[in-house]
Amino acid sequence: MKRLLLGVLLICIAQISFGQTGETDPAVVEGVIYNEAGETVPNASVAIYDSTETDLITGTSSNNDGTFNIEVEPGRYVLQISYVSYNNYTEPVELSAGETYDAGEINMQPTSAQMQEVMVRGEKSEMSMNFDSRSFDVGQDLTSMGGSALDVLDNVPSIASDIDGNISLRGNQSVRILINGRPSNLVEDGADGLRSIPSYLIQEVEIITNPSAKFSAEGSAGIINIIMKKDQRQGFNGSVGLGSGMPQDHEVSTNLNYRTENVNWFGGGGIDYRSDPEEGFSYQEFNLGQNATADTSYAYRENTDADESEIDGDLRLGADFFLTENQTLTIDGNLDLEDGWTDETVNYTDYNINGGSVGDISRRIQRSDEQDEQEKEFEANLEYENRYDGQDHRLTAEASFEVEDESERSNFTESVMQGSYDPQRERTFASEFARDFRFDIDYVRPIGESGQLEAGGRSRFEWMDNSLRAEVLENSTWQPLQAAAFNDNFLYHENINAAYATYSQEFGAFSTSIGVRAEHTVIETELKTTGDKTNQNYFGLFPSVFLNYSFNDRQSVQVSYSRRLDRPWSRMLLPFSDYSDSRSRFTGNPELEPEYGNSFETGYLQYWETGSLLTSVYYRYRTGVHERVTTLDDQGIRRTQPINLATEEAWGIEFSGDQDLAQTLSLRLNANFYRSDSRGNYQGELLTSDAQTAQGRLTLRWRPTSQWNMQFAGRYRGPRNTTQGRRAGMMMMDTGISRSFELWEGQATVSLSVDDILNSRNFQNTIDNPNFYSEREFSWSSRSFMLNFRYNFNQFGNNRGGRGGGRGDWD
């Protein structure tokens, strides 16, 4: 029924997209662009903004002969032309119906680009950089097409994922992931949530490695902001996409926008089906000691094969109401429905131990899991913005409400393939109902000619009700398991209240920004069956300081400091055990406390005619670091639980740069070299880690013509020591090719991408403790191929869609 409803809604949207409306004859703006030598300038960005230069209405790029021609509805606008290494050209224009306005010959004057944001190519940039953030245009990454948000992040420099899908930034997992500058339960679900977001919905990804006090203190490693697609061009425009790949990955989507003088309507939707093969193996050796109830010493090998499938449908609707020339009210909502099912088979092979050595096979057992999962999520947002006298003086208020309902059912069947064993039949029922309400207010005011004050606050309330019931079949009757970790109802409530203020000032070549943020947190949990409760109540101040100096128009340096924290998210506290593997359990820790971090960073930014380079040296000191510690209980079951284990010192150097090697060939490179020293005590044992590692990405892009685009990308992550063992290194290569062409007065693009050409995306780690030794290797998916078709109608040139990225107080 849910799939039928989504199909009907999307058909209705598609019908609207082909409807005809009576429109006033558009006006036309045309001209020709020259450089200082009198040569025409191709591929310059031509944009039409509203009269306040706040909202982008439409745009295009200049042709090979420097000419441009752009249509727009009648009204008052600002024409802006930009090109790398040249001053922006702006001109106010007032257009009437059917008018052709000739801007004439426009002479661009050479200069250095703004140091606060360096666009490294004249066309729509794949990467833009400044000191505290870097933005990556997902639409130009051919290797991410047809994938999920997790695939997109894996292709972004400085970001990596581990064997469990946990995201890290510069090797630190204490990172905050946002959607359009907002927190979302979808991404807080970790890897599963990121896999459920199709890549076609994402416009760009922004990384902030050392956020200031105006941002929420959450995430000691920094912030990753996923900016979703949205447009504000005048009139009706949009896109339709189709994709199909191997292993099975099929999708259809649409994004639509219709803008009049007073209202901008936007919406879209999509249906995505995918089935991913997963496989892994592990080898375990155990020495339990004299007090163990299981065999004192034993070993086994575990092989896992699974197919994880899901069908996901989403519908997005919203509108921007332009109340006055300076005031905008935005209302938008998102509905997401997901059905998933997993078939997993785990084969255990037990070995005899003879004289301390591994001997013959003693037993082989097969455990099968058939899992069904349903998830519904709805989000509504209301935002008000008042730009008093331009973009620099503004007030923004926003309220957001989110509801998530998830249920899961698993059936486990065991069978004996060799040896003796009492096979079990078991089943589990799990559910989660979560609500989230957030209110933000932000105010920005210029002070004098070169100062700026920013202040604001936030209140956030989150409620979660999570239940688990596990049963075993005994004498043809289902009986509940007695362990509390498999049968209980967990209640979670979180309330965070925050206020911040920052002040920025320029003194010639110097500029500075100082700020402080205050946050008060209350987290309460309760297990209904046992009555166990926890209550965390803490207050913190989080200052930030930024100092900048510009040597000249092409070189500048920044020194920065910030204090941040990382709260354990709700599922890290959930005391239920994962039941899919009968010999390995992961359990949350309700007593887990936040970790705190102090970050120092120095950055040197330089650009030249054909590229740019950002060099960053950083140091982090963290206390109460969250670590997943693995132990062996007296039943021989491997148990993993997060704890506040260690203190950590980490330092490193990172290079991020772009270089045009030729007119049609460009290179993007990121390399991060770092070292960390962690130490902590657990159950009387000193756990230490001295890790030295590196990671990097290289992307080579070739555009032999304006229609063809080819890309090759390589990724490397070096090996690293952990507090209990070692994580192996990994190298991957991806490639893609696309062809664009005009179709039905619009632009169509066909692309083919190959992910993981060498089939080398394997995660490996080892644990080497006195009582047990473990090797584990896992692969989410194999080499994949994806063919995509996307059609854009009534869209112009290289303008950016999407929204977000400009909010004052992000979470």
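Preceding this section is the structure that the text describes.
Residues numbered from 1 in each chain as written. Predicted model: local features only at pLDDT ≥ 70, side-chain atom pairs only at ≥ 80, totals over all residues. Heavy atoms only, no water.

Draft legend 1. The arrangement of the packing of aromatic side chains in detail. Scanning all chains against the criterion turns up eleven aromatic pairs. The interplanar angle of 40° and the centroid separation of 4.8 Å between the aromatic rings of Y561 and F600 together place this pair among those described as tilted. Taken together, the positions of Y561 in strand β29 (residues 555-566) and F600 in strand β31 (residues 595-608) put the pair 39 residues apart, joining distant regions of the chain. Grouped by ring-pair contacts, the aromatic residues F236, Y258, Y791 and F793 constitute a single cluster. The residue whose ring lies beneath R583 is Y300, and the NZ or CZ to ring-centre distance is 4.7 Å. Seen from the ring of Y348, R583 lies directly overhead, with NZ or CZ sitting 4.4 Å from the centre. (Phe/Tyr/Trp six-rings, centres within 6.5 Å; stacked < 30°, edge-to-face > 60°. Helix = DSSP H or I, 4+ residues; strand = E, 2+ residues; numbered from the N terminus. Lys NZ or Arg CZ within 6 Å of the ring centre and 35° of its normal.)

Draft legend 2. Highlighting unusual backbone geometry. Look at the link from M246 to P247: it is a cis peptide, with omega at -5°. Its place among the elements puts P247 in the loop between β16 (235-246) and β17 (249-259). You will see that S476, though not glycine, has its phi angle at about 65°, which is positive. Counting through the fold element by element, S476 comes out in the loop between β24 (451-474) and β25 (477-480). A relative accessible area of 72% places S476 in the exposed class. Phi at D756 is positive, roughly 60°, even though this residue is not glycine. Counting through the fold element by element, D756 comes out in the loop between β40 (746-755) and β41 (763-768). The class of D756 is buried, set by a relative accessible area of 2%. (Buried < 20%, exposed > 50% of the residue type's maximum accessible area, 1.4 Å probe, protein only.)

Draft legend 3. Highlighting the side chain of S62. With respect to the helices and strands, S62 occurs in the loop between β3 (56-61) and β4 (67-72). Polar side-chain contacts of S62 include one of 2.8 Å to the backbone oxygen of V41. Apart from residues no more than four positions distant in its own chain, S62 is found in contact with I33, V41, P42, N43, A44, V46, T67 and F68. (Polar contact = N/O pair within 3.5 Å; in protein donor to acceptor, adjacent residues only side chain to side chain. Contact = heavy atoms within 4.5 Å.)

Draft legend 4. Local environment of the pairing of β40. Counting buried residues in β40 gives seven out of ten residues, a clear majority hidden from the surface. In this sheet, β40 lies alongside strand β39 (residues 730-743) in antiparallel orientation, the contact comprising nine bridges. Bridge assignment links S740 to a residue of β40, and that residue is T749. Linkage of β39 to β40, two consecutive antiparallel strands, is achieved through a turn of two residues, within which W744 is found at a positive phi near 55°. Where β40 lies against strand β43 (residues 784-793), ten bridges are found, and the strand directions are antiparallel. Across the sheet, G746 pairs through a bridge with F793, a residue of β43. (Pairing = 2+ DSSP bridges.)

Purely spatial values, then, with no claim about function.
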